[in-house]
Amino acid sequence: MRIRALGFALGFAIILSCSSAALAQTKQLSEPLAAPAAFDPHDLSGVWFDDHPRLIRVQERYWAYTYTKEEPSMTPWAQAQFNAAKPSFGPHPYPLAQTTDPLYHTCAPIGFPIAFLYPLPMQIVQSPREVIMLFEWDSLRHQIFTDGRAHDTALGPLWMGDSIGHWEGDTLVADTVNFNDKTWLDRMGHPHSEALHVVERIRRIDHDHLVDDITMEDPKAYTKPWTAQLKFILKPKWTIEEQFCEDEQSFQSIDKDAGAPAK
Amino acid sequence: MQRDLIGIALAFTISLILSSTASAQTKKLSETATAPAPFDPHDLSGVWMLDRPRPSKEVDRYWIYELNLEEPPMTAWGEAQYKATKSSFGTRSYPLAETNDPIFHTCTPPGFPRIFLHPWPMQVVQAPGEVIMLFEYDSIRHQIFTDGRQHDTSLGPLWMGDSIGHWEGDTLVADTVNFNDKTWLDRVGHPHSDKLHVIERIRRINHDHLIDDITIDDPKAYTKPWSAHLDFLLRPKWTLAEQFCEDQDTFQNIENDETKPAK
């Protein structure tokens, strides 16, 4: 009874201190008090959403169209490809009628890892032999086999590549090769060739957060590997919805959504 | 020791019997001889392939383009729609250039339940509160929520519909509504309206076999609800490959594949 009363008084004091602090600080104060939710680091399942600030100007939100603020180090071949690209989105967008984005008018599959750059959630499901990322956008799958198999070079070249993975401690290391060269690497038009090799180091750092340290290696296009960190936040109440690329209108509504505040 | 001898003698007799019978019978005998593999009827996970009689001169090829051999009971509206369809496939097939199959030239999603009739494997994955069918063809998902939620009528109309389900004993009963009317019900052009309501009774009848009893209810297109029975066979060594609908070439390749024997 006494303990409970003390708890009540403490709660009241916290409420008082919280209400006098800024909203951001409130969040910081209350977080260390609550015990962190338990989680199994090998269980990545759930609906995840990119965890970046959203309420800033579109030009500054590089993560909505590429991986890093800094330009990757392109080869002359890649620079020529990039100069010729006319994206519909990003810092220097072209009107829809002029874009050369390969998936725009034909709804071609979007590819990997560019699928991460669309502002729609992703769900991870797991089975004993695989970890599967299901993207809301265009119903895409990134299926990572963790059963010890080697890359299946008889397949493809593929839009999403061929992915195998293994656990190093609490990190899922996924290795993807066997891509076609029909997709862009990002929404700005950075290119890639069939030699693209993507390594992801995926880790659930706490109950609500997942990071994917991604290394994109493509000697035809880049003079050195391009690395970035993708951050995701768990959205326990969300589900992935149906979002097929049907035609140009799909893109217009998605780009409009990207400018809207988070759900 | 004596028992072992009897066992050996028995095995020898059985092998004699087996070798003297036809191979179909052999299979039956050996199946009853081994204990059936254990399975959890609520675990539907695995890679499944539609298990229907393979095409031959005697057997109609309905298995890859229609839900049933029998014509469904169409309304006048349904009949008129059906007559106007020009399928590229099936008994009334038109040349590729003339077909008005809605998925043909534009690669729009095939919809549901038509997706079952595209002859590639389907993988079931389960997570708490949902059962998801992942189709190899066009990376399509059929996501059935089993967490007790209601239909979300704010969604759509959708290509794959909005699916909720619950377990009745060992049968997963899935209820799907909220369809658009842009797809055909099957690959020969049987129509549906946005009133389509699909009920599936999905049951793993043994380790290797799954059945899906589908009821189609669409009062605008059909005079009464009608049913179809789909059988699936577990393919433990298969994985889903990448099979995107990209353009007309995809379809031509696909139709060539269909004339080949099963994997």
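Refer to the structure printed above.
Throughout what follows, the structure given in this document is the object of discussion.

Rules of the game
Residues numbered from 1 in each chain as written. Chains lettered and ligands numbered in written order. Predicted model: local features only at pLDDT ≥ 70, side-chain atom pairs only at ≥ 80, totals over all residues. Heavy atoms only, no water. Helix = DSSP H or I, 4+ residues; strand = E, 2+ residues; numbered from the N terminus. Buried < 20%, exposed > 50% of the residue type's maximum accessible area, 1.4 Å probe, protein only. Contact = heavy atoms within 4.5 Å. Areas by Shrake-Rupley, 256 points an atom, 1.4 Å probe, with all protein chains shown as cover. Phe/Tyr/Trp six-rings, centres within 6.5 Å; stacked < 30°, edge-to-face > 60°. Pairing = 2+ DSSP bridges. Axes fitted to C-alpha atoms, helices over the stretch in contact; angles between N-to-C directions. Salt bridge = Lys/Arg side-chain N within 4 Å of Asp/Glu carboxyl O. Buried area = accessible area lost by both parts, 1.4 Å probe. Polar contact = N/O pair within 3.5 Å; in protein donor to acceptor, adjacent residues only side chain to side chain. Core = buried A, V, L, I, M, F, W, Y, C linked by side-chain atoms within 4.5 Å.

**Comments concerning the overall build of chain B**
Across its full length, chain B carries four helices and nine strands. Across chain B, helices and strands are ordered from the amino to the carboxyl terminus as α-α-β-α-β-β-β-β-β-β-β-β-α. Taken across its 263 residues, chain B has 46% of its residues classed as buried. A separation threshold of at least 6 residues defines the contact pool for chain B, and within that pool the share at least 24 residues apart is 57%.

**A closer look at the overall build of chain A**
A count of helices and strands for chain A gives four helices and nine strands. Taking all 263 residues of chain A together, 46% fall into the buried category. Contacts in chain A between residues at least 24 apart in sequence constitute 58% of all its contacts with a sequence separation of at least 6. When the accessible area of chain A is evaluated, it comes to approximately 13,200 Å², of which 57% is carbon and sulfur surface.

**Quick notes on the packing of aromatic side chains**
One pass over the structure, following the stated rule, counts 14 aromatic pairs over all chains. Their ring planes at 85° and their centres at 5.3 Å tell us that tyrosine 67 of chain A and tryptophan 226 of chain A sit as a pair that is edge-to-face. Placement of tyrosine 67 of chain A in the loop between strand S1 (46–50) and helix H3 (76–84) and of tryptophan 226 of chain A in strand S9 (residues 226–234) is noted, with a sequence separation of 159 residues between them. Relative to tryptophan 226 of chain B, the ring of tyrosine 222 of chain B has its centre 5.5 Å away and its plane inclined at 65°; by these criteria the two rings are edge-to-face. The exposure class of tryptophan 226 of chain B is buried, given its relative accessible area of 9%. Linked through ring pairs, Phe112, Phe116, Phe135 and Phe232 of chain A together constitute an aromatic cluster.

**Focus: the sheet that holds strand S6 (residues 171–177) of chain A**
Residue and element names in this part refer to chain A. In spatial order, the strands read S1-S2-S3-S4-S5-S6-S7-S8-S9; together these nine strands close into a barrel with mixed pairing. Averaged over neighbouring strand pairs, the angle between their axes works out to 30° when direction is ignored. As defined by bridge partners, strand S3 (residues 130–135) adjoins strand S4 (residues 141–145) across five bridges and the pair is classed as antiparallel. Among the inter-strand pairings, methionine 133 is bridged to a residue of S4, identified as histidine 142.

**Focus: the pattern of salt bridges**
Residue and element names in this part refer to chain B. All told, the structure shown has seven salt bridges over all chains when counted by the stated rule. For arginine 114, the salt bridge is made with aspartate 101, and the minimal N-O distance between the two is 2.8 Å. With arginine 114 in the loop between helix H3 (76–84) and strand S2 (122–127) and aspartate 101 in the loop between H3 and S2, this pair connects stretches of sequence that are 13 residues apart. Residue classification places aspartate 101 among the buried positions, given a relative accessible area of 6%. Here arginine 201 ties to glutamate 168 by a salt bridge, and the two come within 3.2 Å at their closest N and O atoms. Pair noted here: arginine 201 is in strand S7 (residues 197–206) and glutamate 168 is in strand S5 (residues 162–168), with a separation of 33 residues, a long-range link. Owing to a relative accessible area of 39%, glutamate 168 belongs among the partly exposed residues under this scheme.

**What about the sheet that holds strand S6 (residues 171–177) of chain B?**
All names here are of chain B. Spatial strand order, S1-S2-S3-S4-S5-S6-S7-S8-S9: nine strands in a closed barrel with mixed pairing. On average, adjacent strands in this sheet sit at an angle of 30° to one another, irrespective of strand direction. Here strand S1 (residues 46–50) pairs with S2 via three bridges, running antiparallel. Each residue of the ladder has a partner; that of valine 47, found in S2, is glutamine 123.

**What to know about the interface of chain B and chain A**
Across the boundary between the two partners, chain B contributes 30 residues, which contact 26 residues of chain A. When the two sides are added together, the surface that chain B and chain A hide from each other amounts to roughly 2,400 Å², 50% of it contributed by carbon and sulfur. Together, Arg141, Glu242 and Phe244 of chain B form the three largest contributors to the area buried by chain B at its contact with chain A, with a combined 25%. For the pair chain B and chain A, the number of links is zero salt bridges. At the junction of chain B with chain A, the criterion picks out twelve residue pairs in polar contact (both at pLDDT 80 or more).

**Examining unusual backbone geometry**
Trans peptide bonds make up the majority, and among non-glycine residues the majority have a negative phi. Cis geometry marks the peptide bond from phenylalanine 112 of chain A to proline 113 of chain A; its omega dihedral reads 0°. Along the polypeptide, proline 113 of chain A turns up in the loop between H3 and strand S2 (122–127). Along the chain, phenylalanine 112 of chain B connects to proline 113 of chain B via a cis peptide bond; the corresponding omega equals 5°. Examined against the element boundaries, proline 113 of chain B turns out to sit in the loop between H3 and S2. One non-glycine residue, asparagine 178 of chain A, adopts positive backbone phi at about 70°.

**Re the side chain of glutamine 123 of chain B**
Looking at the element boundaries, glutamine 123 of chain B is found in strand S2. Among the polar contacts made by the side chain of glutamine 123 of chain B, one reaches the side chain of glutamate 130 of chain A at a distance of 2.6 Å. Not counting the four nearest positions on each side in its chain, glutamine 123 of chain B is found in contact with Arg129, Glu130, Ile132 and Gln143 of chain A together with Gly46, Val47, Ile132, Met133, Leu134 and Leu240 of chain B.

**So, the nonpolar core**
Core analysis: the biggest nonpolar cluster contains 52 residues, and Tyr67 and Phe116 of chain A have the highest contact counts within it. Elements supplying a minimum of two residues to this core: H3, S2, S3, S6, strand S7 (197–206), strand S8 (209–217) and S9 of chain A. Residue contributions to this core peak at five residues, all from S9 of chain A. With residues near it in sequence (within four places) discarded, tyrosine 67 of chain A still touches Tyr62, Pro113, Ile114, Leu117, Leu185, Asp186, Met216, Trp226, Ala228 and Leu230 of chain A. If you look at the next biggest cluster of nonpolar residues, it comprises 47 residues, including Phe116, Leu117, Trp159 and Leu185 of chain B.

**Quick look at the side chain of asparagine 68 of chain B**
All names here are of chain B. Its place among the elements puts asparagine 68 in the loop between S1 and H3. By relative accessible area, which is 15% here, asparagine 68 ends up buried. Looking at asparagine 68, its side chain comes within polar contact range of the main-chain oxygen of serine 227, at 2.5 Å. Each residue touching asparagine 68, except ones within four places of it in the same chain, is listed here: Tyr62, Trp226, Ser227, Ala228 and His229.

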